[in-house]
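# Structural overview
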Amino acid sequence: MPAGMKPLEKFLKKQTTALTRAGGFVGGVADKASGGIGASRRRASLSRVVPFFRETSPESGQAREVFSPDSEDPPSWPLATGPGLVTMPSSANGSSSGGGDVRSPSLSSDEQSSEASLITETSGGGRGGTPIPPDTPDNLTLLVLDSVAGKRHGHCTETLLDDFMLTHPIFLTADRFQQVLLQQFSQETEGGGEREGEGLVGGAERKQAVLNVAFRYLDTYRELLQEEGERSNSFPKELYLCAVQELSRFPELVEDVLKLQRWTEILHNPSDEEKESRKKQVRPLFRHFRRIDACLQPREAFRGSDEIFCRVYTPDHSYVTIRSRLSCRVGEILALVREKLQYSEDQPVLPGNLVLVAVTSAGEKAVFRPSDEAVFTTLGVNTHLFACEPSELDSLLPLPEEIHWTPGDSKLHDMSAEEVANQLVAFDWELFSCVHEVEFVCYVFHGEQSRWRPLNLELVLQRCSEVQHWVATEILQCQSLPKRVQLLRKFIKIAALCKQQQDLLSFLAVVLGLDNPAVNRLRLTWEGLPGKFRKQFQQFENIADPSRNHKSYRDLITGLRPPLIPFTPLLLKDLTFLHESCKTFHGELVNFEKMHKVAEMVRIIRRYRSSQLAMDTETSPSHLQTKAYVRQLQVIDNQNLLFDMSCKLEPKDT
């Protein structure tokens, strides 16, 4: 395996540069307004997830990197003509027509024809119709209401509504969207109705359309709105009061009003089950606390208001344990640390101006701003929080257990590959099921500026990185050559079982872990592997091969039926390319064709979870022991340390 590794961010930068030079972008580089510095900072965390993707394929030499997934033709959209809606020509600002395909210059002409364009800048075509032209956010909202009120377009109306619901946070704030709905509901129709096409849309139909869009919004964002409390509860309450006043004029709205009343109760008063879930003990964030009782519990979606325990270290490696909200600001964390240190006997002098620093096992440091939020879920596998004065930054060192390692036999020798694989799949499914589909959009398009933080998605990415390093750690800590060969066989079998159960997250994480340069260089260990396993691992490597836009992986996942767990970093990679390669705005106009492509990718994720995975409920002692082990992996994520361990096992001259 070639030594030259490039993380995802370097891949994306390389691809972006190549596209710009080739004239592939329409209207210039990616839209800064929709992401900003915060988005780029959060996306940078992806570089830790796929550290082992090769630049070249073992068989085909130079890999051809393409970041666009297979495209789908856009549906034929209706053109709204309701009052107050100003439609713009497709050539608005001179940048929305003739956009053409965004294609990778690394593809040959034959491959270009087979790789349909992911992004088209509002061009004609697509099932013989005209896609929605760029328009202002408010006008797009009116267009959706017109389409829902007319109900003449069947599947296209449903797809349009779903596109808007999944992507409107990119171009329209929740407060503004709610305000437009309230205005449209209270607006009087002139002449008894509004004309759309050949049909007549009356006042009742228009108000029902507003309520239907509102119900869809509340249903899509239910968990996120419940998290915000009174800030979000005011919208359904205000809409409910407006609807009650209209009942005397429009008695046909009574069912919708009752439904809206139920929604106000749901958001204001959670169900008994949700209340019990919130009453559970404070949960430690996995990795930073090793509590068996906590790790054996089924995973639930993290919310920003959840309280967690976390250790914050001082420069002398002593620590305080704080109890904090998951979404709290860095300034609040430092206030809690200062309060703890004030009553500590080991701290004779109260520290002055404190800063919060993330220190990795390799000694890299990142200083947080006081205004940063939800920093806990952004930490790496073995990254710890330190509180210190600015003058002490240079003296911060990783924890001793992160620098030194102790050789020994792996606990895996006493566990069956089947049981370990089952637990990996079960835990991955729990984590993946906790991710709200909107988190994928928020992670890529808004980053740290997002109204809803992608907390659960970040934990899935951490898990992927953790499994990769776990594979390398277990093999490199084993001093006995025969036992290392046994571990290689077991990991290949675990990967095969994960693939069989359609857990492509752990499957590829294990394969990439075995492809770690520190493991890959163990010639004597690999030579001891039977030919059957070597051949099987070669097949797995081919699936992980990134050439031709990860064609082998995409071919595999296309033939699978739900439920399945995809390789999440690649989903984000595709979304990132979609975001970077095409403008979100043309002046003040939204490129809604881009929004449709984003929504299509989110619907793919939705299909992966459209049915439930059968979970094992066995409670034998050995089963629980394996479950606890898999959910609390002990790993070394310092690549330099892993390589040193590898050289001690098999020196370079052997």
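See above for the structure.
Residues numbered from 1 in each chain as written. Predicted model: local features only at pLDDT ≥ 70, side-chain atom pairs only at ≥ 80, totals over all residues. Heavy atoms only, no water.

### Comments concerning the overall build of the chain
A tally of regular secondary structure across the chain gives 27 helices and twelve strands. Across the 654 residues in the chain, those meeting the buried criterion constitute 56%. A sequence separation of at least 24 residues applies to 77% of the contacts in the chain between residues at least 6 apart. (Helix = DSSP H or I, 4+ residues; strand = E, 2+ residues; numbered from the N terminus. Buried < 20%, exposed > 50% of the residue type's maximum accessible area, 1.4 Å probe, protein only. Contact = heavy atoms within 4.5 Å.)

### Quick look at the nonpolar core
Grouped burial of nonpolar side chains is what soluble globular proteins tend to show. Counting 134 residues, the largest nonpolar core has Phe 171, Tyr 217, Trp 470 and Leu 514 as the members making the most contacts within it. Considering each element in turn, this core owes the most residues, ten residues, to helix H17 (residues 455–476). Non-local contacts of Trp 470, meaning those with residues more than four positions away in its chain, are made with Leu 412, Val 420, Leu 424, Phe 491, Tyr 629, Leu 633 and Val 635. Counting 25 residues, the second largest nonpolar core, distinct from the first, contains Cys 328, Ala 374, Ala 387 and Leu 455. (Core = buried A, V, L, I, M, F, W, Y, C linked by side-chain atoms within 4.5 Å.)

### Describing the side chain of Glu 650
By the element assignment, Glu 650 lies in the segment after helix H27 (639–649). A distance of 3.0 Å separates a polar atom in the side chain of Glu 650 from the backbone nitrogen of Leu 524. Not counting residues up to four positions away in its chain, the partners in contact with Glu 650 are Leu 481, Arg 484, Arg 521, Leu 522, Arg 523, Leu 524 and Thr 525. (Polar contact = N/O pair within 3.5 Å; in protein donor to acceptor, adjacent residues only side chain to side chain.)

### Quick notes on the pattern of salt bridges
Throughout the structure, instances matching the rule amount to 23 salt bridges. Arg 216 is the partner of Asp 162 in a salt bridge, and the nearest nitrogen-oxygen pair spans 3.2 Å. In this pair, Asp 162 sits in helix H5 (residues 155–171) while Arg 216 sits in helix H7 (residues 203–220), placing the two residues 54 residues apart along the sequence. Residue class for Asp 162 comes out buried when judged on its relative accessible area of 5%. For Arg 606, the salt bridge identified is with Glu 437, shortest N-O distance 3.0 Å. In this pair, Arg 606 is assigned in helix H25 (residues 592–608) and Glu 437 in helix H16 (residues 437–445), connecting sequence segments 169 residues apart. On the basis of relative accessibility, which here comes to 30%, the residue Arg 606 falls in the partly exposed class. (Salt bridge = Lys/Arg side-chain N within 4 Å of Asp/Glu carboxyl O.)

### What to know about the packing of aromatic side chains
The tally for this structure, following the rule as stated, stands at 14 aromatic pairs. A ring pair is formed by Phe 171 and Phe 592, whose centres lie 6.4 Å apart and whose planes are at 75°; its orientation type is edge-to-face. Here Phe 592 lies in helix H25 and Phe 171 lies in helix H5, a separation of 421 residues in the sequence. Judged on exposure class, the residue Phe 171 and its partner Phe 592 are both buried. Seen from their ring centres, Phe 177 and Tyr 217 are 5.1 Å apart, and the 70° between their planes marks the pair as edge-to-face. In this pair, Phe 177 is assigned in helix H6 (residues 174–186) and Tyr 217 in helix H7, connecting sequence segments 40 residues apart. Residue Phe 177 shares its accessibility class with Tyr 217, and that shared class is buried. Each member of the aromatic cluster is reached from another via a ring pair, and the members are Phe 164, Phe 171, Phe 177, Tyr 217, Tyr 221, Phe 235, Trp 452 and Phe 592. Over the aromatic face of Phe 533 sits the side chain of Lys 532, whose NZ or CZ is 5.9 Å from the ring centroid. (Phe/Tyr/Trp six-rings, centres within 6.5 Å; stacked < 30°, edge-to-face > 60°. Lys NZ or Arg CZ within 6 Å of the ring centre and 35° of its normal.)

### Brief notes about the pairing of strand S7 (residues 319–325)
Here S7 shows a clear split, with Val 320, Ile 322 and Ser 324 buried on one side and none of Tyr 319, Thr 321, Arg 323 and Arg 325 buried on the other. Sheet analysis places strand S6 (residues 307–313) next to S7, joined by seven bridges and oriented antiparallel. Each residue of the ladder has a partner; that of Phe 309, found in S7, is Arg 323. Taken together, S6 and the strand that follows it, S7, pair antiparallel across an intervening segment of five residues, in which His 317 is found at a positive phi of about 70°. (Pairing = 2+ DSSP bridges.)

### Description of the environment of Pro 251
Within the secondary structure, Pro 251 sits in the loop between helix H9 (230–246) and helix H10 (254–268). Considered as a pair, Pro 251 and Ala 204 are 47 residues apart in the sequence and their alpha carbons are 9.1 Å apart.

### Observations regarding unusual backbone geometry
Going from Pro 562 to Pro 563, the amide bond is cis rather than trans, its omega being 0°. In this structure, His 317 is a non-glycine residue whose phi angle is positive, near 70°. Assignment of secondary structure puts His 317 in the loop between S6 and S7. Given the relative accessible area of 24%, His 317 is considered partly exposed. With a phi angle near 65°, Gln 502 is a residue other than glycine that sits in the positive phi range.

### A short note on the packing of helix H4 (residues 137–150) against H7
At a minimum axis distance of 8 Å, the contact between H4 and H7 shows a crossing angle of 115°. Relative to H7, the element H4 is oriented roughly perpendicular. Where H4 crosses over H7, the handedness of that crossing is right-handed. Touching Leu 142, Val 144, Leu 145, Asp 146, Val 148 and Ala 149 of H4 are Glu 205, Arg 206, Ala 209, Val 210, Asn 212 and Val 213, all from H7. Class assignment for the residues of the contact of H4 with H7 results in eight nonpolar, one polar and three charged. (Axes fitted to C-alpha atoms, helices over the stretch in contact; angles between N-to-C directions. Parallel < 35°, antiparallel > 145°, perpendicular 65-115°, else oblique. Left-handed = near helix turned anticlockwise from the far one by under 90°. Nonpolar A, V, L, I, M, F, W, Y, C, P; charged D, E, K, R; others polar.)

Note that all results are geometric; they support no functional claim without further evidence.
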